[in-house]
Amino acid sequence: MLVRDAMSTVVLTVGPAHTLRQAAALMSARRVGAAIVHDPDAGGIGIITERDILNSVGLGQNPDTEPIHAHTTNDVVFATPTWTLEEAARAMAHGGFRHLIVLDGGEPAGIVSVRDIIRCWAPARQPVSA
């Protein structure tokens with residue numbers, strides 16, 4: 001199975017000047033754990049994750065004033081739609097992260113998460129018998 005079969009193609013994109021609270025609200029509303037950060041001044045495409053927001057709050061930073069650009073990962077590992085899920089899982093395990101931005105022709109085509117991969121690999125939920 002390939003990344004294109006598992007990835008989410010509707011992705012949340014935020015700007016570097018958004019606050020962490022704004023990002024958290026958008027991520028919560030969309031029920032996603034990461035957003036693409038489009039920041040031409042910092043090299044283009046980055047990612048902000050729920051863990052980045054949690055780390056900031058844990059440090060006592062104010063999510064209403066803390067800008068996304070201060071917490072964006074810009075050194076991103078990108079996947080392609082034709083990677084296998086094994087390749088994506090290996091990249092995540094090696095890098096210690098749970099989301100990969102998927103690029104197709106240099107443009108974001110989606111995001112694949114550990115949860116997406118598990119959903120593809122695990123059998124469908126079965127009702128619990130009493």
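Cut-off values and rules
- Residues numbered from 1 in each chain as written.
- Predicted model: local features only at pLDDT ≥ 70, side-chain atom pairs only at ≥ 80, totals over all residues.
- Heavy atoms only, no water.
- 1 Å grid on protein atoms, 1.4 Å probe; cavity = no way out; pocket = protein on both sides within 12 Å on 5 of 7 lines; lining within 4 Å.
- Points joined across faces, edges and corners; volume = space filled by probe spheres on them.
- Helix = DSSP H or I, 4+ residues; strand = E, 2+ residues; numbered from the N terminus.
- Nonpolar A, V, L, I, M, F, W, Y, C, P; charged D, E, K, R; others polar.
- Core = buried A, V, L, I, M, F, W, Y, C linked by side-chain atoms within 4.5 Å.
- Buried < 20%, exposed > 50% of the residue type's maximum accessible area, 1.4 Å probe, protein only.
- Contact = heavy atoms within 4.5 Å.
- Salt bridge = Lys/Arg side-chain N within 4 Å of Asp/Glu carboxyl O.

As annotated in an unreviewed UniProt entry, the chain carries the name CBS domain-containing protein and is attributed to Streptomyces sp. 900105755.

Enquirer: Describe the layout of surface pockets, with residues and values.
Expert: In this structure, the largest pocket spans a volume of roughly 470 Å³. R31, V32, G33, A34 and H99 are, among the 21 residues lining the largest pocket, the residues nearest its centre. Among the secondary structure elements, those contributing two or more residues to the lining of the largest pocket are helix 2 (20–30), helix 3 (50–58), strand 6 (107–113) and helix 5 (114–121). Among the elements that make up the lining of the largest pocket, the one with the highest residue count is helix 5 (four residues). A breakdown of the residues in the lining of the largest pocket according to their chemical character gives 10 nonpolar, five polar and six charged. One number sums up the size of the second largest pocket: a volume of about 260 Å³. Around the second largest pocket, the lining comprises 15 residues; the ones closest to its centre are I47, T49, T73, F97 and H99.

Enquirer: Pulling in residues and values, what's your account of the nonpolar core?
Expert: In a soluble, globular protein the nonpolar side chains are often hidden away together inside. Within the largest apolar cluster, 12 residues are counted, these being V3, A6, M7, A79, L85, A88, A91, M92, L100, V102, V112 and I117. At the level of secondary structure, the elements contributing two or more residues to this core comprise helix 1 (3–6), helix 4 (85–95) and strand 5 (99–104). Examining the composition of this core, we find that four residues originate from one element, helix 4, more than from any other. Leaving out residues up to four positions away in the same chain, V112 has contacts with V3, A6, M7, M92, R98, H99, L100, V102 and I117.

Enquirer: Describe in detail the pattern of salt bridges, supporting the description with residues and values.
Expert: Inspection of the entire model under this criterion finds three salt bridges. As a salt-bridge pair, R21 and D64 come within 2.4 Å of each other at their nearest N and O atoms. Here D64 lies in the loop between helix 3 and strand 4 (78–79) and R21 lies in helix 2, a separation of 43 residues in the sequence. Two residues, E50 and R98, come together in a salt bridge whose shortest N-O distance is 3.4 Å. Taken together, the residues span a long stretch of sequence, with E50 in helix 3 and R98 in the loop between helix 4 and strand 5 at a distance of 48 residues.

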